[in-house]
Amino acid sequence: MKLTDFNWKKIAIILGLLFIALYPVMHGDTYIMHIFILFFVWALVASNWNLLMGYAGIFSLGNIGYFAIGGYISGILAKSFGWSPWICIFLGGIGSMVSVTLFVGLPALRLSGIYIALLSLIFADTLPTILTQTRSVTGGAMGLHDIPPLFEGITRIHSYYINFVLFLVILTIIYKIIHSSTGLAFVALRDSKDFAKTLGVNEYKEKIKVFAYVSFLTGITGGFYVHYLGDISPTTLAIEPFLLAIAMMEMGGIGRFPGAVLGAVIIVFGNEFLRLAGTLRLALLGALICAIILFFPGGLMQFIDWIDSRIGRLKTSKAT
Amino acid sequence: MNDKYATATTALDIQKVDSFYGELQVLRKASLKLHEGEVVALFGPNGHGKSTLLKVISGIHPAVSGSIKYMGAEIAKTSSQKIVELGIAYIPEARNLFPDMTVLENLRLGAYNRRARGMVGENLEYVFALFPHLEERKDQIAITLSGGESRMLAVSRGLMSGASLLLIDEPSIGLSPITKKTVFGAIEKIKNETDITVLIVEQEVDNALKLAERVYLLKRGQVFLEKVADEISKAEIEKAYF
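On a predicted model such as this, the values are computed, not experimentally measured, just so you know. (Residues numbered from 1 in each chain as written. Chains lettered and ligands numbered in written order. Predicted model: local features only at pLDDT ≥ 70, side-chain atom pairs only at ≥ 80, totals over all residues. Heavy atoms only, no water.)

> I'd like to hear about the overall build of chain B, residue by residue, with values.
Scanning chain B from terminus to terminus reveals 10 helices and 10 strands. The C-alpha atoms of chain B give a radius of gyration of 17 Å, which matches the 18 Å a tight globule of 242 residues would have. When the backbone C-alpha atoms are referred to their principal axes, chain B occupies close to 45 × 40 × 35 Å. Pairs at least 24 apart in sequence give 69% of the contacts found in chain B among residues at least 6 apart. (Helix = DSSP H or I, 4+ residues; strand = E, 2+ residues; numbered from the N terminus. Rg over C-alpha atoms; globule rule 2.2 N^0.38 Å. Contact = heavy atoms within 4.5 Å.)

> Which residues make up the interface of chain B and chain A, and what values go with them?
By a frequent convention, interface size equals the accessible area lost on bringing the separate parts together. Of the residues lining the interface, 18 residues belong to chain B; the matching set on chain A comes to 21 residues. Together chain B and chain A conceal approximately 1800 Å² of surface at their shared face, both sides included; 64% is due to carbon and sulfur atoms. Three residues, B:Q81, B:F98 and B:Y112, lead the burial of chain B against chain A; their summed loss comes to 37% of the area buried on that side. Run the count over chain B and chain A and you get zero salt bridges. Along the contact surface separating chain B from chain A lie three residue pairs in polar contact (both at pLDDT 80 or more). Across the side of chain B that touches chain A, the residue classes tally to nine nonpolar, four polar and five charged. (Buried area = accessible area lost by both parts, 1.4 Å probe. Salt bridge = Lys/Arg side-chain N within 4 Å of Asp/Glu carboxyl O. Polar contact = N/O pair within 3.5 Å; in protein donor to acceptor, adjacent residues only side chain to side chain. Nonpolar A, V, L, I, M, F, W, Y, C, P; charged D, E, K, R; others polar.)

> Give a description of the pattern of salt bridges that names residues and reports values.
Residues and elements named next belong to chain A. Summed over the entire model, instances satisfying the criterion amount to 14 salt bridges over all chains. Here K197 ties to E203 by a salt bridge, and the two come within 3.7 Å at their closest N and O atoms. Assessed through its relative accessible area of 25%, K197 is described here as partly exposed. In this structure, E206 and K209 form a salt bridge, with 3.7 Å as the shortest nitrogen-oxygen distance. Of this pair, E206 and K209 both sit in helix α10 (residues 203-229), separated by three residues, roughly a single helical turn. (Buried < 20%, exposed > 50% of the residue type's maximum accessible area, 1.4 Å probe, protein only.)

> Which residues make up the sheet that holds strand β3 (residues 39-43) of chain B, and what values go with them?
Residues and elements named next belong to chain B. Ordered by their spatial adjacency, six strands build an open sheet running β6-β7-β8-β3-β9-β10, and the pairing between neighbours is mixed. Each having just a single partner strand, β6 (88-91) and β10 (222-228) make up the two edges of the open sheet. For this sheet, the mean inter-axis angle between neighbouring strands, taken without regard to orientation, is 15°. Helix α8 (residues 177-193) rests against β3, β7 (165-169) and β8 (197-202) of the sheet, and its axis sits at about 155° to β8. (Pairing = 2+ DSSP bridges. Axes fitted to C-alpha atoms, helices over the stretch in contact; angles between N-to-C directions.)

> Let's hear about the side chain of A:S47: which residues, and what values?
Mapped onto the elements, A:S47 comes out in helix α2 (residues 30-55). Exposure remark for A:S47: the relative accessible area of 3% places this residue in the buried category.

> Could you give me a rundown of the domain arrangement of chain A, with the residues and numbers involved?
All names here are of chain A. If you check the domain split of chain A, you get domain 1 (29-237) and domain 2 (244-320). For domain 1 versus domain 2, the separation of C-alpha centres amounts to 24 Å. For the domain 1 and domain 2 pair, buried surface summed over both sides reaches about 1700 Å², with 83% attributable to carbon and sulfur atoms. Counting across the domain 1 and domain 2 interface gives zero salt bridges. Counting across the interface, domain 1 meets domain 2 through five residue pairs in polar contact (both at pLDDT 80 or more). Listing elements by their share of the side of domain 1 that touches domain 2, those giving two or more residues are α2 and α7 (156-179). By residue number, the principal contributor to the side of domain 1 that touches domain 2 is α2, which donates 15 residues. (Domains from an automatic or database assignment.)

> Please give an account of the sheet that holds strand β2 (residues 24-35) of chain B that cites residues and values.
All names here are of chain B. Ordered in space as β2-β1-β4-β5, the four strands form an open sheet in which the pairing is antiparallel. Each having just a single partner strand, β2 and β5 (73-74) make up the two edges of the open sheet. Along the sheet face, helix α1 (residues 50-57) touches β1 (10-21), β2 and β4 (65-70) and points at about 115° away from the line of β1.

> Now, about the pairing of β3(B): what can you tell me, with residues and values included?
Residues and elements named next belong to chain B. In terms of burial, β3 is a largely internal element, five of the five residues being buried. On β3, burial covers both faces: V39, A41 and F43 on one face and V40 and L42 on the other are all buried. Pairing between β3 and β8: five bridges, direction parallel. Looking at β8, one finds that A41 is bridged to I200. Where β3 and strand β9 (residues 214-219) come together, four bridges link them in parallel fashion. Each residue of the ladder has a partner; that of F43, found in β9, is L217.

> Please set out the packing of helix α5 (residues 120-130) of chain B against helix α7 (residues 147-160) of chain B residue by residue, giving values where relevant.
Residues and elements named next belong to chain B. Interaxial distance between α5 and α7 falls to 9 Å at its minimum, and their mutual angle equals 145°. Considering how the two elements wind past one another, α5 and α7 form a crossing that is right-handed. Within the contact between the two elements, α5 uses V120, N123, L124, V127 and L130 and α7 uses S156, L159 and M160. Tallied by class, residues from the contact of α5 with α7 come to six nonpolar, two polar and no charged. (Left-handed = near helix turned anticlockwise from the far one by under 90°.)

> Summarise the nonpolar core; cite the residues concerned and give the values.
Counting 98 residues, the largest nonpolar core has A:F36, A:F39, A:W42, A:L51, A:F167 and A:F211 as its most contacted members. Per-element tally for this core: the top contributor is α2(A), with 19 residues. Residues from two domains meet in this core; each of domain 1 (29-237) and domain 2 (244-320) of chain A gives at least three. If you look at the next biggest cluster of nonpolar residues, it comprises 48 residues, including B:V39, B:A116, B:L209 and B:L217. (Core = buried A, V, L, I, M, F, W, Y, C linked by side-chain atoms within 4.5 Å.)

> Kindly report on the environment of B:D195, identifying the contributing residues and their values.
One can find B:D195 in the loop between α8 and β8. Distance in space between the C-alpha atoms of B:D195 and B:N123 is 15 Å, their sequence separation being 72 residues.

> I'd like a rundown of the environment of A:D191, residues and numbers included.
With respect to the secondary-structure elements, A:D191 resides in helix α8 (residues 181-191). Each C-alpha atom, one on A:D191 and one on A:H179, is 16 Å from the other, the two residues being 12 residues apart in sequence.

So this is what it looks like as structure tokens:
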């Protein structure tokens, strides 16, 4: 390999992952580890959302709902039947996939644009009502507590590495989907539906597929999240997590692969450390989002492209 | 009809096709026939239904009445995905690439249909052998290609679907005379080196007339003239436009 084959982005990714992998050994502050776990989870939620919204161009606003369904199903099953949380998480993913594909995916075949956004938002919005009506099972507005952990005697470090592996696995799956013929078909349908069809792309099949993938992966992430935290309540479905997840996507760059992960770094860590600023927290975050969107409408990924072009120019001017 | 065509099998047989945009009738009992492996040019003035006919064949726009037979099977009511799988590739005129995808991704998308998916490797080799230029640029984003290159990519993507019938809509539109030559050179390669049937729709007569074996003229939605290409001159076709 030549020296010029190394690019700074690859090096940054490798260093970043190494840092995350070694953090518990090097420093191992339990509070920081907790924030890292939140980052893993939200980065996955936002990346899945990005697959649906950025790549497939389907304006879904219900993704926090898909996340909560996975979490609730897994938590309820593990708590009431005492099944292994690993199986419950998988079932939660399936539950999320089936309900989302049935109630959002299928109707979405006949809808487009803003109407899918409304439908998916309504879907997510009915969940708190359903939860309060089924208090005996779901805990209602109080939430579901004492959800068993993944295994007895689990420590923060265990949770950290389990969620880190989940983070890597699901991101790899998303990356593979984006670069498969299915992912290309999503983008083709987004950019020009009629034209994609002339290439033989089956619109209905691909739309159902993207809903199924995204809701399954988001549901599983929800499962891991509740078994880590030990509880979940309808506040998950409130406006703040919803806006923060959208902000992660916007900041990272919609329709760009690792974008949502970068957005999640800034939002999750920013959100935690700005607690020092008290009530100004959301205002500061908002200002940061505005600044990024103002100067780099394509999000952080556009900022990275900009640095890239600068480096490219430097290299050519040196060479001549 | 010429003796040459007496024995050839009919690839595409269009009989009395009517098609509308809302109330407006665009195709009026349009009929034409393609034999296997031949290159046919369909000329006609702007706005008289040439592109619509291609869209009707490829199933994007519905035919209200009439029959379209491909290899003997009726496809007038078949969905566009199925038609691609049957081996008909439609190459639209302008804006026919996915601009943010790389050359390779555009090609892979061409092989999306079930039949072609297993042959991506072979078809890629074949396309790159036909257009070595594309291989050099395979990781380039499609929007950065020149006009001629992107037209060539569009044709290659049609080939990636494993098509045996290419419907090419105005390959020369918006190109400089030199790039037009390159694009038609590419189509000539397909004509000489493969047994793919090609239907070219053109407004401009020059290049397509040299390449085609037979010529149809479409005016006000009707096919009103059919000639072997050698028997008609550019002036005659252009006279018929008005």
